Amino acid sequence: MRRKMVAGNWKMNKTNIEGVSAIKELVKLTKDYKNIDIIIGAPTIMLEALVKASEGGTVKIAAQNMHYKESGAFTGETSPAMLKSIGVEYVILGHSERREYFFETNQFINEKIKAALAYEITPILCIGEKLEERETGKTFEVIFKQLKEGMANLTKEEAKKVIIAYEPIWAIGTGKTATPAMAEETHKEIRGIITEMFGEEVAHEVIIQYGGSMNANNAAELMAQSNIDGGLVGGASLDVKVFDVVIKAGMTK
Ligand code: 13P
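A short tour of the structure in this document, coming up.

Scoring rules and cut-offs
Residues numbered from 1 in each chain as written. Predicted model: local features only at pLDDT ≥ 70, side-chain atom pairs only at ≥ 80, totals over all residues. Heavy atoms only, no water. Helix = DSSP H or I, 4+ residues; strand = E, 2+ residues; numbered from the N terminus. Rg over C-alpha atoms; globule rule 2.2 N^0.38 Å. Buried < 20%, exposed > 50% of the residue type's maximum accessible area, 1.4 Å probe, protein only. Contact = heavy atoms within 4.5 Å. Areas by Shrake-Rupley, 256 points an atom, 1.4 Å probe, with all protein chains shown as cover. Lys, Arg positive; Asp, Glu negative; His and termini not counted. Charge placed at Lys NZ, Arg CZ, Asp CG, Glu CD. Phe/Tyr/Trp six-rings, centres within 6.5 Å; stacked < 30°, edge-to-face > 60°. Lys NZ or Arg CZ within 6 Å of the ring centre and 35° of its normal. Near = heavy atom within 4 Å. Polar contact = N/O pair within 3.5 Å; in protein donor to acceptor, adjacent residues only side chain to side chain. Nonpolar A, V, L, I, M, F, W, Y, C, P; charged D, E, K, R; others polar. Salt bridge = Lys/Arg side-chain N within 4 Å of Asp/Glu carboxyl O. Pairing = 2+ DSSP bridges. Axes fitted to C-alpha atoms, helices over the stretch in contact; angles between N-to-C directions.

Another aspect to go through is the overall build of the protein. Within the protein, the secondary structure is distributed over 12 helices and 8 strands. For a compact globule of 253 residues, the expected C-alpha radius of gyration is about 18 Å, and the protein comes in at 17 Å, within 12% of that figure. Taking the principal axes of its C-alpha atoms as reference, the protein extends roughly 45 × 45 × 35 Å. Looking at the protein as a whole, 52% of its 253 residues qualify as buried. For the protein, the share of sequence-separated contacts (at least 6 apart) that also reach a separation of at least 24 residues comes to 73%. As displayed, the protein has an accessible area near 11700 Å², and 53% of this comes from carbon and sulfur atoms. For the protein, the centre of its 31 positive side-chain charges and the centre of its 34 negative side-chain charges are spaced 3 Å apart.

Laid out in structure tokens, this is it:
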């Protein structure tokens with residue numbers, strides 16, 4: 001059975017002091033939690049301090065972005081080698097905010113996915129449709145393209161390691177969550193696409209998180225769906241106590 005994975009995405013929030021204090025509190029609260037993977041995706045500037053503050057606990061640290069080159073003239077960017085050198089184990093890639101505001105393409109994201117895997121950093125690949133795409137019946141087409149291009153040229157072994165986060169854009173930060181049935185239907189389609197691309201075994205093992213206004217009230221029902229293996233949580237991850245409720249919701253099944 002797939003293990004649940006609850007990841008917080010702090011986005012561009014908190015100072016270093018606030019981040020470290022939140023991680024310490026979270027590590028303390030979750031120290032005896034079992035059968036769940038807990039991750040916090042934090043701004044690059046605080047990653048090293050958070051890795052140190054989380055040592056020995058259940059919480060792992062993710063970057064929110066990364067370049068695919070090891071080094072070079074890419075002002076303002078962070079390389080996989082740099083993340084690896086400070087003990088970052090996960091990286092969120094292709095978030096819809098990066099696709100929209102920083103013009104990231106599926107091809108660029110694919111390069112980053114391959115680089116993360118080469119450095120043994122686990123990528124969390126975000127996919128999801130816009131409201132008008134859902135309303136015009138294009139959801140499948142959009143996620144199909146994002147997966148085909150974003151996971152192009154991966155081996156089966158590599159594909160298994162990729163965590164997919166399905167985040168319908170219309171549900172991010174809007175308070176509008178996909179209903180559990182709606183999310184489950186799309187998660188099933190995603191698993192179907194993965195089956196087509198990499199076979200049944202990979203599709204069975206791959207973790208697919210839901211993201212988009214997941215919170216303390218709806219997390220349990222969403223994560224109770226058979227194809228929803230956890231969550232990528234924005235707003236509700238900023239308050240440690242609220243996030244703890246979401247984590248516990250992932251442990252109940
Ligand atoms: P919210 O939970 O704030 O809707 O954000 C979801 C998200 O984008 C996580 O990556």
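From this point on, the discussion continues.
Another point: the packing of aromatic side chains. Evaluation of the coordinates by the stated rule reveals 3 aromatic pairs. The ring of Trp10 has Lys14 sitting right over it, with the charged end atom 5.1 Å from the ring centre. We note Arg98 situated over the ring of Phe102; from NZ or CZ to the ring centre the distance is 4.2 Å.

Moving on: the site of the ligand. For the ligand, the set of nearby residues contains 13 residues, the closest of which are Lys11, His95, Glu167, Gly173 and Ser213. With respect to the ligand, the side chain of His95 contributes an N or O atom lying 2.8 Å from an oxygen atom. The separation between an oxygen atom of the ligand and a polar main-chain atom of Gly234 is 2.9 Å. Considering the ligand on its own, with 310 Å² of exposed area, one finds that the protein chains cover 95% of that surface. When grouped by side-chain class, the residues that make up the shell around the ligand number 4 nonpolar, 7 polar and 2 charged.

Within the structure shown, the criterion is met by 16 salt bridges. Among the salt bridges present, the one from Lys112 reaches Glu104, with a minimum N-O distance of 3.0 Å. For the pair formed by Lys112 and Glu104, the shared burial category is buried. For Glu111, the salt bridge identified is with Lys114, shortest N-O distance 3.9 Å. Residue Glu111 and its partner Lys114 are both found in helix H5 (residues 106–118); the two are separated by 3 residues, about one turn of the helix. Since its relative accessible area comes to 31%, Glu111 is described here as partly exposed. A relative accessible area of 27% means that Lys114 is categorised as partly exposed. By sharing partners, the salt bridges in this structure join Arg2, Arg191 and Asp229 into a single network.

Attention now moves to the sheet that holds strand S2 (residues 36–42). In spatial order, the strands read S1-S2-S3-S4-S5-S6-S7-S8; together these 8 strands close into a barrel with parallel pairing. Going across the sheet, the axis of each strand differs from the next one's by a mean of 25°, ignoring polarity. Where strand S1 (residues 4–9) meets S2, 6 bridges bridge the pair, whose relative direction is parallel. Bridge pairing links Ala7 to Ile39 in S2. Relative to strand S3 (residues 59–63), helix H1 (residues 16–29) is tilted by about 145°, and along the sheet it contacts S2 and S3. Contacts from helix H2 (residues 47–54) reach S2 and S3 within the one sheet, and its direction differs from that of S3 by about 170°.

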